[in-house]
Amino acid sequence: MQPTPASIASLDREIESLAEFDEVVSSRGSLAQHRIQAVDLTDRTPELLSVDTAGAVFLGCPMDPDAAARIRATGALVFPPVPGLPFDPYRGLLYTPGELFESIAERGYEATPDALTYAWFQQTKTDGDIFASMLRAIHDDAVSDALDELLVGARVVGVMGGHALARGTEAYEGAARLGRSLARAGFTVATGGGPGAMEAANLGAYASVFDDEMLTEACRLIAKAPSFTPSVTEWATAALDLRDRWPGGGDSVGIPTWFYGHEPPNAFAGHIAKYFANATREDGLLARSNAGVVFLPGAAGTVQEVFDNATPNYYESRGEPTPMVLVDRVHWTERLPVWPLLQSLARDRSMEPRIALVDRVEEAPEALARLAGATAR
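Residues numbered from 1 in each chain as written. Predicted model: local features only at pLDDT ≥ 70, side-chain atom pairs only at ≥ 80, totals over all residues. Heavy atoms only, no water.

Looking at an unreviewed UniProt entry, one finds the chain named Rossmann fold nucleotide-binding protein, with Streptomyces montanus as its source organism.

(A) Examining helix 11 (residues 212–222) more closely. Burial in helix 11 covers these residues: Met214, Leu215, Ala218, Cys219, Leu221 and Ile222. Seen along its axis, helix 11 keeps its buried residues to an arc of 165°; they face one direction. Helix 11 presents Glu213 and Thr216 as exposed residues on the side facing more than 90 degrees away from its buried surface. Packing partners of the buried residues in helix 11 comprise helix 9 (170–184), helix 10 (197–207) and helix 12 (232–245). (Buried < 20%, exposed > 50% of the residue type's maximum accessible area, 1.4 Å probe, protein only. Helix = DSSP H or I, 4+ residues; strand = E, 2+ residues; numbered from the N terminus. Arc of directions from axis to C-beta. Contact = heavy atoms within 4.5 Å.)

(B) Inspection of the sheet that holds strand 9 (residues 293–295) at higher detail. Spatially, 8-7-6-5-9-10-11 is the arrangement adopted by the seven strands of the open sheet, whose pairing is parallel. Only two strands of the sheet have a single partner each, and these edge strands are strand 8 (271–272) and strand 11 (355–358). Across three bridges, the pairing between strand 9 and strand 10 (residues 324–327) is parallel. By the bridge assignment, Val294 is partnered in strand 10 with Val325. Here helix 14 (residues 300–315) sits on the sheet and contacts strand 5 (156–160), strand 9 and strand 10; the angle it forms with strand 9, its principal contact strand, is near 145°. (Pairing = 2+ DSSP bridges. Axes fitted to C-alpha atoms, helices over the stretch in contact; angles between N-to-C directions.)

(C) Representation of helix 14 in the model. Here helix 14 spans 23 Å end to end across 16 residues, near enough to the 22 Å set by a 1.5 Å rise per residue. Those residues of helix 14 that sit buried are Thr302, Glu305, Val306, Phe307, Asn309, Ala310, Pro312 and Asn313. Looking at the packing, one finds that the buried side of helix 14 touches strand 5, helix 13 (278–287), strand 9, strand 10, helix 15 (329–335) and helix 16 (338–346). Downstream of helix 14 by one or two residues, Glu316 has phi in the positive range, about 55°. (Expected span 1.5 Å × (residues − 1).)

So, in C-alpha cells, the structure goes:
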C-alpha cells in the first residue's frame, strides 16, 4: 500500500525521507521547486550549500544555520521546526502504532506521544491562540496529503461502528471476520481507528495474511483486556503483544481523532491518520471509502456517519453513489430506525440500488459485492 516513487513524483515534488532526498539530489542534481517535509538535513550541509534550491520549500527540516541562510538567499522558503511540541506539524508520513504508543511499556500510556499530544490539544484549544490553531491546521493538512499518497489506486472499504463493542464478544469477533474477508478480497480496510468495532475490523485485516486459527486465538487472547477503560495501558499493551506474537500482519488504515481524547487509537491499523479536527477526519474517512462503507451497530457517532455518507450519495456530489451496507436489521430498524429514513431518501434516486440492510455481519461482503455490481451497471 506504500506509494511508489513514481506515484509520488506524479502528484508533486514532495520529499518525505532522507532516502528520497538523496535520490533526488543524485538523479536530478537540483531541489528547485521541491517540497521537503520533516526530513533531518543536519548531515546534508554540503548538498544544501551546492544544489539549486530556487522555489523550494523546507517544512520543519532541521539543518545547519549556514545551509538555511544560503537556501533562503536563493529564494527558498524555510519553515523551521517548532520546539516543544509532542507532534510534528509538518510530518510527511502517517503515524504507526509504534510511534503513537512509544514508551508505553516503560512509562504507561500517559507518557506516550498520543497522550501527550492530546494533553497539548486540551491545553491550547480553548485559549484562542492563532499560532496553536495554525499548527493544528498544518498538521491535519499534512496528514491528509500523506493519506492521499498512501491510497493512490486502492479500493477502500470503510467499516464504521461503535467504540463500546468489547473484546471477547461475538459481535467483536464478527467484525474482525468482516475485516479479514474484505482484506482477503483485495480491499483496503479503513476505520475510524479507535476501539470497539473499529479495532475489530483492523484486527481482521491484520489477521488476513495468517491462517484462520490465528484470528480465533488472537480474539481469545485479547479478550483478557476487554475495554480501554479503566486502563488504556493494559488495553493497548494487549494489542501490541499480539502484533509481536504474529509480526508482519496485513495492512489497513485507521483514521482517529484527538477530538475524542477518551478514545485511544487501536494498534492493528498499520497506517494511522490521526487528526485534531474531527470534521476533517469524518469527511475524509468517508470520502476515501471509494468502494463502499459497511455500518455495524453503533450509537450517535455511527448514525452521524451514515448520513454523512448518504448526503453526497443523494446529491452525487462525489460522482456515482457508492455502496452502503447496514448490518443488524433489529438495530437499524427498531433500536435506531435509521434504515427507513435512508430508504426514503434513496427512493427513485441513483443511490437506491446501492444501499442494503442485512441481518448478520457475514452477509456484508456479498451485499457489498452485489451493490458494487449495481454501481458498475
